[in-house]
Amino acid sequence: MGLKANWSYPTAIRFGEGRISELAEACAVAGITRPLLVTDKGLSNLPVTGTTLEIMRAAGLGGAMFSDVDPNPNETNLSDGIAAYKAGNHDGVVAFGGGSGLDLGKLIALMAGQTVSVWDLEDIGDWWTRADAAAIAPIVAVPTTAGTGSEVGRAGVLTNSETRMKKIIFHPKILPAVVICDPVLTVGMPPVITAGTGMDAFAHCLEAYCSPHYHPMSQGIALEGMRIVKDNLLRAYQDGADLQARAEMMSAAAMGATAFQKGLGAIHALSHPIGAVHHTHHGTTNAVVMRPVLAFNRPAIEQRIGLVSAYLGISGGFDGFYDYVGELCADLSIPENLAALGIANPDLDALTEMALKDPSCGGNPIEMTFENTRSLFQTCL
Ligand SMILES: [Fe+2]
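Everything numeric in this text was worked out from a predicted model, so none of it was measured.

## A word on the domain arrangement of the protein chain
How big an interface is tends to be stated in terms of accessible area lost as the parts join.
No. 1: Splitting the protein chain by domain gives domain 1 (5-186) and domain 2 (191-380).
No. 2: One C-alpha centre belongs to domain 1, the other to domain 2, and the line joining them spans 25 Å.
No. 3: With 26 residues of domain 1 at the contact, the number on the domain 2 side is 25 residues.
No. 4: Looking at the side of domain 1 that touches domain 2, its residues break down into ten nonpolar, eleven polar and five charged.

Below you can see the structure in the form of structure tokens.
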């Protein structure tokens, strides 16, 4: 397989099969001598994690792991992680896993040396300047799924367990210093997670592409990201050992997260509260609401989606693209609607209020109001 490269946009990425073997080197480049590997509960016992800890041990970096991380990490996971970090006298974090392991790892590195509360560093205006930048520990990120793209992002999502709101915590210095994208680590992902995480990457590209903000670099990355998902997600879903497809999907995930600095939209604004209240899978939820959101935004994006269709080789402009998304979801066994996803009797008023407070709202090409958003939820059911 010929896909191997070194990239420095947006950060240093060591991309390719088997490159997890370079973890010790990556830690050295980041200035880490006593790393704490942070991952989630589900991954902690899997062979990929054991192998990675073994690479750390063999290089004299110890084999310390913190894995008490929930699927939607909260402030208790964070304070436990900071306690483990301090108790082990660590000097950096290896953030390992899907969105939860990567995000919590980044937030432990951010918060271990701070005196301010993590909620004071929410992604609002210049709040990030409240943090002591010199006290932020270095991070090496190692994704084991292909969806979130958090390995190339400067934020982490943390759920407030009291309000159940997901908050985006931002600081430019939590962009990982080095990323290892090794597609072999994603081979064991079950098909349902391959589908959900892959559709998250697709949603990042689609929403970034449709966002009205000006960012031509993101625009190009988002477009090519959608093309890569179209050509590879189904292959990776049908044959998890297809390393070429796995590698391509890892690229698409990093591209989606690079592109969404341009903005997200209603897919994520709806999906975040649904996930926070009903504990559904983030990417799968995005896939379920994708077509209703496309129809909702149609007056603003019809022409632009026509260009995507042309580039992706889909005939029929907007309608063709809409149908393609439906076929892809069906092929990936994505539930038809929110009811099929297992959501019964949702409190639509509360979900709508939460959606309108979600920062993703700002990137939606059609203004979201209480009325149109509530009726959009209704359609998704
Ligand atoms: Fe997402």
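## Side note on the nonpolar core
No. 1: Val-38, Ile-108, Val-140, Cys-205 and Leu-270 are the most contacted members of the largest nonpolar core, which totals 115 residues.
No. 2: If you count residues domain by domain, this core takes at least three from each of domain 1 (5-186) and domain 2 (191-380).
No. 3: Ignoring any residue separated from it by four or fewer positions in sequence, one finds Ile-108 in contact with Val-38, Leu-78, Gly-81, Ile-82, Tyr-85 and Val-93.

## Considerations on the packing of helix H9 (residues 266-278) against helix H10 (residues 282-312)
No. 1: Where H9 contacts H10, the two axes come as close as 8 Å, and the packing angle between them is 140°. The angle between H9 and H10 falls in the class oblique. At the point where H9 passes H10, the crossing takes the right-handed sense. Within the contact between the two elements, H9 uses Ala-266, Ile-267, His-268, Leu-270, Ser-271, Ile-274 and Gly-275 and H10 uses His-282, Thr-285, Asn-286, Val-289, Met-290, Val-293, Phe-296 and Asn-297.
No. 2: For the contact of H9 with H10, the class distribution of residues is eight nonpolar, seven polar and no charged.

## A few points about the pairing of strand S5 (residues 92-97)
No. 1: For S5, the buried fraction is high: six of the six residues fall into the buried class.
No. 2: Taken together, the four bridges between strand S3 (residues 35-38) and S5 define a ladder with parallel strand orientation. The residue bridging Leu-36 from the neighbouring strand is Val-93, located in S5.
No. 3: With five bridges joining them, S5 and strand S6 (residues 139-143) adopt parallel strand pairing. Residue pairing for S6: Val-94 is matched across the bridge by Val-140.
No. 4: Handedness of the S5-helix H5 (residues 99-111)-S6 crossover: right-handed.

Conventions adopted
Residues numbered from 1 in each chain as written. Predicted model: local features only at pLDDT ≥ 70, side-chain atom pairs only at ≥ 80, totals over all residues. Domains from an automatic or database assignment. Contact = placed C-beta atoms within 7 Å. Nonpolar A, V, L, I, M, F, W, Y, C, P; charged D, E, K, R; others polar. Core = buried A, V, L, I, M, F, W, Y, C linked by C-beta atoms within 7 Å. Buried ≥ 20, exposed ≤ 12 C-beta atoms within 10 Å, placed from the backbone. Axes fitted to C-alpha atoms, helices over the stretch in contact; angles between N-to-C directions. Helix = DSSP H or I, 4+ residues; strand = E, 2+ residues; numbered from the N terminus. Parallel < 35°, antiparallel > 145°, perpendicular 65-115°, else oblique. Left-handed = near helix turned anticlockwise from the far one by under 90°. Pairing = 2+ DSSP bridges. Right-handed = clockwise from strand over helix to strand, strands pointing away.

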